[in-house]
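# A closer look at the structure
Each chain is listed here by its residues.
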Amino acid sequence: MTEVATARRSRITPEREAELYEAVLDLLREVGYDALTMDAVATRTKSSKATLYRQWGGKAELVAKAVRYQKPGAALDETDTGSLRGDLHAMTLRSDDCEMEQSSALMRGLAMAIHGNPDLLQAFKEHLIEPEMAGFRTVLQRAIDRGEIRADNPAIEFVMHMMIGGFAARSLIDEQPPTQTFLLSYIDAVVLPALGAPTC
């Protein structure tokens, strides 16, 4: 990033950035992605639309970064409990049941928008999917290095798919929000056995 770009982006303080992200998330819950406008964000946050575009470039990047902002706790690759089961459980326990329910509702709404919006899909890949996949790769590599799982296990490529699938399917199949209890059980019953990892 150039010095000019860095200086331009540094005009918003971390506190102000957090306030803006909270407002974006509130608007997403109220009206959804398609009806959310930069004008509405500017009005809600008492910002200029020019500032929002200068800082984030557009709605897709602003929304993706707001969703990334709401993810709690340390990055997955910074979580090292000494076991794969411990790491996956620690990741799950970063959010309480209320936060999971809110995230689930928000992501259901965004899923439809992502499929019809290439800019939003690209922003989600850059700011959410790729960082999460990198975190999973680090956690899994540590498990390989510890001898918990085999490097050639084909399920390794699908761990993130399994985790997202369990989270999303809870609402779709059971008509209930995901909870810590459900996801911890899912990890022990599905994810770890697929990897050939210890479940206790």
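A brief structural summary. (Residues numbered from 1 in each chain as written. Predicted model: local features only at pLDDT ≥ 70, side-chain atom pairs only at ≥ 80, totals over all residues. Heavy atoms only, no water.)

### Quick look at the overall build of the chain
- Each helix and strand in the chain was counted, giving ten helices and zero strands.
- From first element to last, N terminus to C terminus, the chain shows the α and β order α-α-α-α-α-α-α-α-α-α.
- Taking all 200 residues of the chain together, 38% fall into the buried category.
- Of the contacts made within the chain by residues no fewer than 6 positions apart, 68% connect residues no fewer than 24 positions apart. (Helix = DSSP H or I, 4+ residues; strand = E, 2+ residues; numbered from the N terminus. Buried < 20%, exposed > 50% of the residue type's maximum accessible area, 1.4 Å probe, protein only. Contact = heavy atoms within 4.5 Å.)

### Thoughts on helix 9 (residues 159–174)
- With 16 residues, helix 9 should reach 22 Å at 1.5 Å per residue; the first-to-last C-alpha distance of 22 Å fits that figure.
- Of all the bends in helix 9, the largest measures some 35 degrees and sits at alanine 168.
- For helix 9, the complete set of buried residues consists of Val159, Met160, Met162, Met163, Gly166, Arg170 and Ser171.
- Structurally, helix 9 contributes buried residues whose contacts are with helix 6 (84–92), helix 7 (97–115), helix 8 (118–146) and helix 10 (180–195).
- Positive backbone phi, at 55 degrees, marks glutamate 175, one or two positions downstream of helix 9. (Expected span 1.5 Å × (residues − 1). Bend = angle between axes of the 7 residues up to and from the residue.)

### Concerning the environment of lysine 71
- In this fold, lysine 71 is placed in the loop between helix 5 (59–70) and helix 6.
- Judged by its relative accessible area of 30%, lysine 71 is partly exposed.
- Along the primary structure lysine 71 and threonine 45 are separated by 26 residues, whereas in three dimensions their C-alpha atoms are 21 Å apart.
- Among residues more than four places away in sequence, those in contact with lysine 71 are Leu128 and Glu132.

### Some thoughts on unusual backbone geometry
- A positive phi angle is found at lysine 46, which is not glycine, with a value near 55 degrees.
- Notably, glutamate 175 is not glycine yet its phi reads approximately 55 degrees, a positive angle.
- Note on glutamate 175: relative accessible area 72%, which makes it exposed.

### Considering the packing of aromatic side chains
- A full pass over the atoms with the stated rule returns three aromatic pairs.
- Summarising the aromatic geometry, the rings of phenylalanine 182 and tyrosine 186 are spaced 6.2 Å apart at their centres and angled 20 degrees between planes, so their arrangement reads as stacked. In this pair, phenylalanine 182 and tyrosine 186 both sit in helix 10, four residues apart, roughly one turn of the helix.
- You can call phenylalanine 182 partly exposed: its relative accessible area is 21%.
- Sitting over the ring of tyrosine 33, lysine 59 keeps its end group 4.1 Å from the ring centre. (Phe/Tyr/Trp six-rings, centres within 6.5 Å; stacked < 30°, edge-to-face > 60°. Lys NZ or Arg CZ within 6 Å of the ring centre and 35° of its normal.)

### Focus on the packing of helix 2 (residues 14–35) against helix 7
- Between helix 2 and helix 7, whose axes approach to 9 Å, the crossing angle comes to 30 degrees. It follows from the interaxial angle that helix 2 and helix 7 lie roughly parallel. Seen along the crossing, helix 2 lies across helix 7 with a hand that is left-handed. Of helix 7, the residues touching helix 2 (which contributes Leu25, Leu28, Arg29, Tyr33 and Asp34) are Gln102, Leu106, Leu110 and Ala113.
- Partitioned by chemical class, the residues of the contact of helix 2 with helix 7 number six nonpolar, one polar and two charged. (Axes fitted to C-alpha atoms, helices over the stretch in contact; angles between N-to-C directions. Parallel < 35°, antiparallel > 145°, perpendicular 65-115°, else oblique. Left-handed = near helix turned anticlockwise from the far one by under 90°. Nonpolar A, V, L, I, M, F, W, Y, C, P; charged D, E, K, R; others polar.)

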